[in-house]
Amino acid sequence: DRVDLCALTHTKRQMRQLRCIHSILTGILTSALGKRYQPKQSLDVHAEFLRNVLETIRRYKTMNPDMMRSEYAEFIHFLQDANTQFVREQLGFDLYRPLSTVHNTLQANGLMNLLSDPTLPLCTTPVPRMHTKDLQRAIQRKDKAVQAASKPQPHVIEPCIRSIDDANCYLQANGNSVDQLLKLLERFFEPHLTEDPSPLGCLAIAQGSGGARLTH
């Protein structure tokens, strides 16, 4: 916020911007490395580590949209400022790194055939709710399928499979409730009903009864 003050000249704004960015990066290194970080070292020694940290934050937000609601906007502003030509020249490196995805990870390791593996649906389909014993057996069966599919390169393939599974579980957890609500609306409400609608056939908000301020 201080950098955007109109009273600052272009040069002063750039220098204040650079100091803020340098302080943030130093804080990241201090908190992550502790005594191993030497403040006298140039930041470009830790360039790859910083790129990995910032990419992990972006990926975390992508996989958890409900987290960092206000902080992420400030974080993106920081990245935009850090990606200007002046800051890159002063730091001596670029902080930007593309997001690590399942597709580019598999492509980089020559494992694109995993996406057509017939066991992949079993590995990445969310386990439905069921009795505890049946649930444990289903989870064990799924884990065995993941381990079998990961044999060629476990350290690369298993995280990719788990990532796809996490995405499917997130979509199911958040999408099923929306689908159920749409079905209820289609079942109980008629959007084209205009004359003498029944209490269950109208979504109009009006004054409630029995002490309620609104009907719904």
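Reading guide: rules and limits
- Residues numbered from 1 in each chain as written.
- Predicted model: local features only at pLDDT ≥ 70, side-chain atom pairs only at ≥ 80, totals over all residues.
- Heavy atoms only, no water.
- Helix = DSSP H or I, 4+ residues; strand = E, 2+ residues; numbered from the N terminus.
- Buried < 20%, exposed > 50% of the residue type's maximum accessible area, 1.4 Å probe, protein only.
- Contact = heavy atoms within 4.5 Å.
- Areas by Shrake-Rupley, 256 points an atom, 1.4 Å probe, with all protein chains shown as cover.
- Core = buried A, V, L, I, M, F, W, Y, C linked by side-chain atoms within 4.5 Å.
- pLDDT = per-residue confidence, 0-100.
- Expected span 1.5 Å × (residues − 1).
- Arc of directions from axis to C-beta.
- Phe/Tyr/Trp six-rings, centres within 6.5 Å; stacked < 30°, edge-to-face > 60°.
- Salt bridge = Lys/Arg side-chain N within 4 Å of Asp/Glu carboxyl O.
- Axes fitted to C-alpha atoms, helices over the stretch in contact; angles between N-to-C directions.
- Parallel < 35°, antiparallel > 145°, perpendicular 65-115°, else oblique.
- Left-handed = near helix turned anticlockwise from the far one by under 90°.

### Observations concerning the overall build of the protein
And then number 1: In terms of helices and strands, the protein carries eight helices and zero strands.
And then number 2: By residue count, 23% of the 216 residues in the protein fall in the buried class.
And then number 3: Here the contacts in the protein between residues at least 6 apart in sequence split such that 46% fall between residues at least 24 apart.
And then number 4: Summed over its atoms, the accessible surface of the protein is roughly 15,700 Å², and 56% of this surface lies on carbon and sulfur atoms.

### Some details on the nonpolar core
And then number 1: Core analysis: the largest hydrophobic core is formed by 21 residues, its most contacted members being L25, F78, L91 and L95.
And then number 2: Broken down by secondary-structure element, the contributors of at least two residues to this core are α1 (10–33), α2 (47–63), α3 (71–82) and α4 (85–91).
And then number 3: Looking at this core element by element, the count peaks at six residues for α1.
And then number 4: Counting 13 residues, the second largest nonpolar core, distinct from the first, contains L106, L120, V156 and C160.

### Quick look at the confidence of the model for the protein
And then number 1: Here the protein shows a mean pLDDT of 85. Residues at 70 or above account for 84%.
And then number 2: Predicted confidence in the protein is weakest over helix α8 (residues 154–188), with a mean pLDDT of 89, and strongest over helix α5 (residues 102–108), with 94.

### Describing the environment of T56
And then number 1: Looking at the element boundaries, T56 is found in helix α2.
And then number 2: Look at T56 and you get partly exposed, because its relative accessible area is 39%.
And then number 3: Separated by 41 residues in the primary sequence, T56 and R97 place their C-alpha atoms 9.9 Å from one another.

### As for the side chain of S150
And then number 1: With respect to the secondary-structure elements, S150 resides in the loop between α7 (132–149) and α8.
And then number 2: Classification of S150 by relative accessible area gives buried; the value is 2%.
And then number 3: When neighbours within four sequence positions are excluded, S150 is seen to be in contact with I157, E158 and I161.

### Describing α3
An α-helix turns once per 3.6 residues; consequently, residues spaced three or four apart project the same way.
And then number 1: In a regular helix each residue adds 1.5 Å, so twelve residues correspond to 16 Å; α3 covers 17 Å between its end C-alpha atoms and thus fits that length.
And then number 2: Within the sequence span of α3, burial applies to Y72, F75, F78, L79 and A82. Summarising the axial view, the buried residues of α3 lie within an arc of 115 degrees, below the 170-degree limit, and thus occupy one face.

### A short note on the packing of aromatic side chains
And then number 1: Enumeration over the complete set of coordinates arrives at two aromatic pairs.
And then number 2: Seen in terms of ring centroids, Y72 and F75 are 5.8 Å apart; in terms of plane orientation they differ by 40 degrees. Their pairing is tilted. One end of the pair is Y72 and the other is F75, both in helix α3 and three residues apart, which spans about a single turn.
And then number 3: The exposure class assigned to Y72 is buried, which follows from its relative accessible area of 18%.
And then number 4: On the basis of relative accessibility, which here comes to 12%, the residue F75 falls in the buried class.
And then number 5: Each member of the aromatic cluster is reached from another via a ring pair, and the members are Y72, F75 and F78.

### Notes on the pattern of salt bridges
And then number 1: Counted by the stated rule, this structure contains seven salt bridges.
And then number 2: Residue R162 is joined to D143 by a salt bridge in which the shortest nitrogen-to-oxygen separation is 3.3 Å. In this pair, R162 sits in helix α8 while D143 sits in helix α7, placing the two residues 19 residues apart along the sequence.
And then number 3: One continuous salt-bridge network, built from bridges that share partners, spans E55, R59 and R97.

### Observations concerning the environment of P98
And then number 1: By the secondary structure assignment, P98 is in the loop between α4 and α5.
And then number 2: The partly exposed category is assigned to P98, whose relative accessible area is 49%.
And then number 3: It is 9.4 Å that separates the C-alpha atoms of P98 and R51, two residues lying 47 residues apart in sequence.
And then number 4: Dropping the residues within four chain positions of it, P98 is found in contact with E55 and R58.

### Considering the packing of α7 against α8
And then number 1: Between α7 and α8, whose axes approach to 9 Å, the crossing angle comes to 140 degrees. On the basis of their axis angle, the class for α7 and α8 is oblique. Note that α7 runs across α8; the crossing there is right-handed. Along its contact with α7, which presents K142, D143, V146 and A149, the element α8 presents I157, E158, I161, R162 and D165.

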